[in-house]
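Here are the chains, one letter per residue:
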Amino acid sequence: MLSYLFIGANDVERSAVFYKAILTPLGYRHDREEHYCFYLPDCADKSNGPGSVHISKPFNDQPATPGNGMMPAFRADSRHKVDQVHKAGLDHGGSDEGAPGTREAYTPDFYVAYLRDPEGNKLAVFYSG
């Protein structure tokens, strides 16, 4: 089971604004300590998940760069929520990588949108049902 995601950012505050905008509608809460931690409220270990998302400068003090082929996907509870999250991401520093909708490559009940965060990392928000 996936425990947590750690996403490096060169501008942590800018990235945190983006992730707050897309993760809050999905039920996440957040804390700011040494870095931002977004977590699900019913999780006993918010730092280690499952499902936690950390936003921080890389620990090795090198510049953060997007991972080629790395793409976290977040489950939404409706198509409307996918639309809402996609718009929130665009309104808060993200860029479009694929508008909400179904894709021929997937089943007709798999509704997905793709975004890039302010650092260029690709992510998906989907509803299946």
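See the structure above.
Residue positions are given per chain, counted from 1 along the sequence in the order it is written. A pLDDT threshold of at least 70 governs which residues receive local features in this predicted model, and a stricter bar of 80 or more applies before side-chain atom pairs are shown or counted, although totals over entire chains, interfaces and linings include all residues. With hydrogens and water stripped out, all remaining heavy atoms of the structure feed into the side-chain values.

**What to know about the pattern of salt bridges**
The test is simple: Just to be clear on terms, a salt bridge is a Lys or Arg side-chain nitrogen sitting within 4 Å of an Asp or Glu carboxyl oxygen. Strands are runs of DSSP state E lasting at least 2 residues, helices are runs of H or I lasting at least 4, and numbering of each runs from the N terminus. With a 1.4 Å probe rolled over the protein chains alone, any residue whose accessible area is under 20% of its type maximum counts as buried; one over 50% counts as exposed, and the rest are partly exposed.
With the rule as written, the count across this model stands at 4 salt bridges. Between Lys-87 and Asp-91 there is a salt bridge; the shortest N-O distance is 2.6 Å. Separated by 4 residues within a single helix, Lys-87 and Asp-91 lie in helix H2 (residues 79–91), roughly one turn from each other. Residue Arg-116 is joined to Glu-97 by a salt bridge in which the shortest nitrogen-to-oxygen separation is 3.3 Å. Taken together, the positions of Arg-116 in strand E7 (residues 110–116) and Glu-97 in strand E6 (residues 95–102) put the pair 19 residues apart, joining distant regions of the chain. Given the relative accessible area of 24%, Arg-116 is considered partly exposed.

**A short note on the nonpolar core**
Short version of the rule: In plain words, nonpolar cores are sets of buried Ala, Val, Leu, Ile, Met, Phe, Trp, Tyr and Cys residues tied together by side-chain atoms within 4.5 Å. Whether two residues touch is decided by their heavy atoms; if any such pair falls within 4.5 Å, the residues are in contact.
Core analysis: the largest hydrophobic core is formed by 24 residues, its most contacted members being Tyr-19, Leu-23, Val-53 and Ile-55. The dominant element in this core, judged by the number of residues it contributes, is helix H1 (residues 12–23), at 6 residues. The residues contacting Leu-23, other than those within four sequence positions of it, are Tyr-28, Phe-38, Val-53 and Phe-74. In this structure, Val-112, Tyr-114, Ala-124 and Phe-126 belong to the second largest nonpolar core, which totals 5 residues.

**What about the environment of Met-70?**
Looking at the element boundaries, Met-70 is found in the loop between strand E4 (52–56) and strand E5 (73–75). Taking relative accessible area as the criterion, Met-70 reaches 36% and is therefore assigned partly exposed. Beyond its immediate stretch of four places on either side in the chain, Met-70 contacts Asn-121 and Lys-122.

**With respect to the packing of H1 against H2**
Where we set the bar: Lines fitted to C-alpha atoms define the axes here, with helix axes fitted over just the stretch in contact, and angles between the N-to-C directions of these axes take values from 0 to 180 degrees. Here the angle decides the label: under 35 degrees means roughly parallel, over 145 means roughly antiparallel, 65 to 115 means roughly perpendicular, and every other value means oblique. Should the near helix be turned anticlockwise from the far one by less than a right angle, the crossing is left-handed, and should it be turned clockwise, the crossing is right-handed. Each residue gets one of three labels, nonpolar for Ala, Val, Leu, Ile, Met, Phe, Trp, Tyr, Cys and Pro, charged for Asp, Glu, Lys and Arg, and polar for the others, Gly among them.
Closest axis-to-axis distance for the H1/H2 pair is 8 Å, and the angle between their directions is 165°. Here H1 lies roughly antiparallel to H2, going by the angle between them. As H1 runs across H2, the sense of the crossing is right-handed. Facing Phe-18, Ala-21 and Ile-22 of H1, the residues of H2 in contact are Val-85, Ala-88 and Gly-89. Counted by class, the contact of H1 with H2 contains 5 nonpolar, 1 polar and no charged residues.

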